Amino acid sequence: MTERPRSHRFIENVSWNLLRQGATLAMSFFLTPILVHGLGKEGYGLYALIGVVLGGIATLTLGAGGATLRLASDAAPKKDARRLRDIFRNSLFLHVAGPGLTATVLVLAAAAAPSFFSVPPELAGICVSLLRWVAVGAVCYTAGQAGIGMLMGMDRFDRSTLLESFLALALLGGSATLVKLNWGLAGIGPWFALANAAFAVAALMSAWLELRRRETHAAADGHALSLKAFSHEAFPFCLTNLLWVCNFQTDKVFIAAFLPLSSLTYYVIPFSIVQRLESLPRSVSFAAFQMAGELSGLGRAESLRRLYLKATKLIGFALIPAVVLLFALAPQFLTLWLGSEFSDHGTWPFRILLGGFSFYFLALTALSIAQGMGKAYYAVYALASSACLAFVIWAV
């Protein structure tokens, strides 16, 4: 079978990622008002903590996600089935071990959460139950990410996109439906765990079947990969994940701990809108990561330079008009979407986040290509600088 040109595969992989992000963006736009009005400002603030907890637990995979994508994208073109099996096994272990231990601690310590996060007394019981369900669902989610990383590394962005789209749509659609049925946060917690469990089973099974298919076309000689070697590759990605949490999750913890829970709602919704603009740069960077790993393994330096220039230009030309338009029309957009009260409180957080994230978007491709080439510490240095600046600003 003739191999597809890399440029075609890159465009196809970006398109699959954009499809997932676009579907999630559309559903978020229509369902967020239902969640905000149905749960109330304090209730939605508590709902927003799901993402904070999930992000924190996912960090304890110790960089296994990035290492999986990096190593699998290098081994797959070489048809090294033995190495791919070892990558999958080691990846699954790290994706479950750390998050599992952390989730156990969270389940036991959840009773202290209401006082830490300034949760109103009437929501204290719901908060404890919700966090325990989220802990269970988070372990399922991280387990599924082992399968997603393998699928992306083996250039099966179609399957990974469909699986992650299913999860995002199930969580958003299910949460809105439960709110409409007056189940509220009491129903959202178990649904979060159930949806992530189904996602984990589907992702791991899909990756395993793809591995079995590739074994029939595998090279005669393979290269083993120990857990120690895999962990060594994962370490810089672990640092990157920890720094990502410091940059993009710690702000919410500060707000929830020191301000009324309603303040978190006024911040987290603008934050989520701006994050949705990440659809294009994130889609491009994921595809660039996989392609950079493949090109680096083959010694194609000139192709890597072209990949970087084209991807960065694409992101810049596509995002600059959208950012300028949203900055100018932020009050009108928020008023029409969520009402005048939300616009009064959320317009300037929205604008500030737009400005800050714009620089981050432009840096994503460079960092992803560096990681794909095995130079993951570049991302560590960049995110460490940003995290230090963020903590200084928060302290002031």
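This text follows the structure it describes.
Not measured: the values here are computed from a predicted model. (Residues numbered from 1 in each chain as written. Predicted model: local features only at pLDDT ≥ 70, side-chain atom pairs only at ≥ 80, totals over all residues. Heavy atoms only, no water.)

So, a nonpolar patch on the surface
- On the surface, Phe235, Tyr377, Tyr378 and Tyr381 cluster together to form a nonpolar patch covering roughly 460 Å² of accessible area.
- Looking at the nonpolar patch, the element that brings in the most residues is helix H15 (residues 377-395), giving three residues. (Patch = residues over 30% accessible without salt bridge, like charges linked within 9 Å, V, L, I, M, F, W, Y side chains within 5 Å. Areas by Shrake-Rupley, 256 points an atom, 1.4 Å probe, with all protein chains shown as cover. Salt bridge = Lys/Arg side-chain N within 4 Å of Asp/Glu carboxyl O. Helix = DSSP H or I, 4+ residues; strand = E, 2+ residues; numbered from the N terminus.)

Quick look at the environment of Leu259
- Mapped onto the secondary structure, Leu259 falls in the loop between helix H9 (250-258) and helix H10 (261-276).
- Judged by its relative accessible area of 41%, Leu259 falls in the partly exposed class.
- In this structure, the C-alpha to C-alpha distance between Leu259 and Ser118, residues 141 residues apart in sequence, is 7.5 Å.
- The contacts of Leu259, once residues within four sequence positions are left out, are Ser118 and Phe254. (Buried < 20%, exposed > 50% of the residue type's maximum accessible area, 1.4 Å probe, protein only. Contact = heavy atoms within 4.5 Å.)

Structural notes on H10
- Relative to the 22 Å expected for 16 residues at 1.5 Å per residue, H10 spans 23 Å between its end C-alpha atoms, a close match to the ideal helical length.
- Burial of H10 is extensive: 12 of the 16 residues sit out of reach of the surface.
- Considered for burial, the residues of H10 that qualify are Leu261, Ser262, Leu264, Thr265, Tyr266, Tyr267, Val268, Ile269, Pro270, Phe271, Ile273 and Val274. (Expected span 1.5 Å × (residues − 1).)

Some remarks on the packing of helix H2 (residues 64-75) against helix H5 (residues 124-153)
- Remark: H2 packs on H5, axes separated minimally by 7 Å, with the N-to-C direction vectors making an angle of 30 degrees. If you check the angle between H2 and H5, you find them roughly parallel. The hand of the H2/H5 crossing is right-handed. In contact with Thr68, Leu69, Ala72 and Ser73 of H2, H5 contributes Ala146, Gly149, Met150, Met152 and Gly153. (Axes fitted to C-alpha atoms, helices over the stretch in contact; angles between N-to-C directions. Parallel < 35°, antiparallel > 145°, perpendicular 65-115°, else oblique. Left-handed = near helix turned anticlockwise from the far one by under 90°.)

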